[in-house]
Amino acid sequence: MRCVIIGGAPDADISFIKTSVKDGDFIICADKGYEYALKAEIKPDLVIGDFDSCEAPVDGVKTIRLNPQKDDTDTIHCIDTALENGYDEIVLLASLGGRTDHLYANLSALKYIHTKGADGVILSEREVIRFLPCGEYEFNGYREKTFSVFPFGCDKVCVSYEGAQYPLNKYYLQSDFPLGVSNVFVSDNAKISIYDGNAILIINLLIN
């Protein structure tokens, strides 16, 4: 049960959006994301937003119009709708770039998705971003790709890496010193383990 949410970040890669959507995905557009869906020749199942950055759909697409004076973001409303409809895998597209506060809000949304019992990921043509709570995670097919791990929502995170250029063994990364930046996967079957705390993982698809 996969839901794809198309956000409204500027300079979205339309071809990437088009190739990222799979048959059977439930597509929700967050506000300006509707324009990107049209450019990608994707018909959304639902459009949600306050439409402060684009015109509301007028072609019969199911639409939920939000009050601009609200406590959360269009993206969070989209996520809540996906969760309410039983989707346990949520992919955020066109969610990077532009305003830094919106970027941080979307990173926080990954943790929010986890607290609701689902799996979330931010995808772009450049990066894969995931929230990692305690557990073991395997990463296949990323050999020679750069990755970074940072504590998220906590002061420190205890991590181990297998199949990395700079391996760690139950090491605490601190939130006030970015030691976790720019490691490299050296195996097609790498592993990251989180023993204490939470982390944000950023895999850079363009930098080796």
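Since the model is a prediction, treat every value here as computed from it, not as a measurement.

Undergrad: Would you mind showing me how to read the packing of aromatic side chains here?
TA: We describe a pair of aromatic rings using the distance from one ring centre to the other and the angle between the two ring planes. The final tally for this structure, using the stated rule, is seven aromatic pairs. Measuring from centroid to centroid gives 5.2 Å for Phe26 and Tyr87, while their planes differ by 20°, and the two rings are stacked. One end of the pair, Phe26, is in strand 2 (residues 26-30); the other, Tyr87, is in the loop between helix 3 (74-84) and strand 5 (89-93), with 61 residues separating them in the sequence. By relative accessible area, Tyr87 is classed as buried at 13%. Consider the rings of Phe147 and Phe185, whose centres lie 4.1 Å apart with planes at 20°: the pair is stacked. Of this pair, Phe147 sits in strand 9 (residues 146-151) while Phe185 sits in the loop between strand 12 (183-184) and strand 13 (189-196), and the two are 38 residues apart along the sequence. Phe185 shares its class with Phe147; the two are buried. Taking NZ or CZ as reference, Lys156 lies 4.7 Å from the ring centre of Tyr172, over its face. Seen from the ring of Tyr195, Lys170 lies directly overhead, with NZ or CZ sitting 5.0 Å from the centre.

Undergrad: Explain the pairing of strand 14 (residues 199-204) here, please?
TA: Moving residue by residue along a regular strand, the side chains alternate between the two faces of the sheet. In terms of burial, strand 14 is largely enclosed, as five of its six residues are buried. Alignment of strand 7 (residues 127-132) against strand 14, held across six bridges, turns out to be antiparallel. Note on strand 14: the bridge partner recorded for Arg130 is Leu201. Of the strand pairs in this sheet, strand 9 and strand 14 are connected by six bridges, and their pairing is antiparallel. Bridging across to strand 14, Ser148 finds its partner in Ile202.

Undergrad: Can you walk me through the sheet that holds strand 13 in this structure?
TA: The pairing of strands in a sheet comes from backbone hydrogen bonds and takes either a parallel or an antiparallel form. On the basis of which strands lie adjacent, the open sheet formed by four strands has the order 8-13-10-11 and antiparallel pairing. In this open sheet, the two strands that pair with only one neighbour each are strand 8 (135-140) and strand 11 (171-174). Averaged over all neighbouring strand pairs, the angle between strand axes comes to 30°, with direction disregarded. Two strands pair when backbone bridges link them, and strand 10 (residues 156-162) and strand 11 are joined in this way by four bridges, in the antiparallel orientation.

Undergrad: Please explain the sheet that holds strand 12 as it appears in this structure.
TA: The strand order 4-3-2-1-5-6-7-14-9-12 describes an open sheet built from ten strands, whose pairing is mixed. The sheet is open, and its two edges are formed by strand 4 (63-65) and strand 12, each paired on a single side. Examined bridge by bridge, strand 1 (residues 2-6) and strand 5 share five bridges and lie parallel to one another. Bridge assignment links Ile5 to a residue of strand 5, and that residue is Leu92. Contacts between helix 3 and the sheet are confined to strand 1, strand 2, strand 3 (46-49) and strand 5, with strand 2 contributing the most and set at about 160° to the helix. Strand contacts of helix 4 (residues 100-115): strand 5, strand 6 (119-123), strand 7 and strand 14, with the helix running at about 160° to strand 6, the strand carrying the most contacts.

Undergrad: Would you take a moment to explain the pairing of strand 6 for this structure?
TA: Bridging between strand 5 and strand 6 involves four bridges; their strand directions are parallel. Bridging across to strand 6, Leu92 finds its partner in Ile122. What joins strand 5 to strand 6 is helix 4, and the crossover it makes is right-handed. Relative to strand 7, strand 6 is paired through two bridges, and the arrangement is antiparallel. Of the residues in strand 7, the one forming a bridge with Leu123 is Val128. Linking two consecutive strands that pair antiparallel, namely strand 6 and strand 7, is a turn of three residues.

The rules behind the values
- Residues numbered from 1 in each chain as written.
- Predicted model: local features only at pLDDT ≥ 70, side-chain atom pairs only at ≥ 80, totals over all residues.
- Heavy atoms only, no water.
- Phe/Tyr/Trp six-rings, centres within 6.5 Å; stacked < 30°, edge-to-face > 60°.
- Helix = DSSP H or I, 4+ residues; strand = E, 2+ residues; numbered from the N terminus.
- Buried < 20%, exposed > 50% of the residue type's maximum accessible area, 1.4 Å probe, protein only.
- Lys NZ or Arg CZ within 6 Å of the ring centre and 35° of its normal.
- Pairing = 2+ DSSP bridges.
- Axes fitted to C-alpha atoms, helices over the stretch in contact; angles between N-to-C directions.
- Contact = heavy atoms within 4.5 Å.
- Right-handed = clockwise from strand over helix to strand, strands pointing away.

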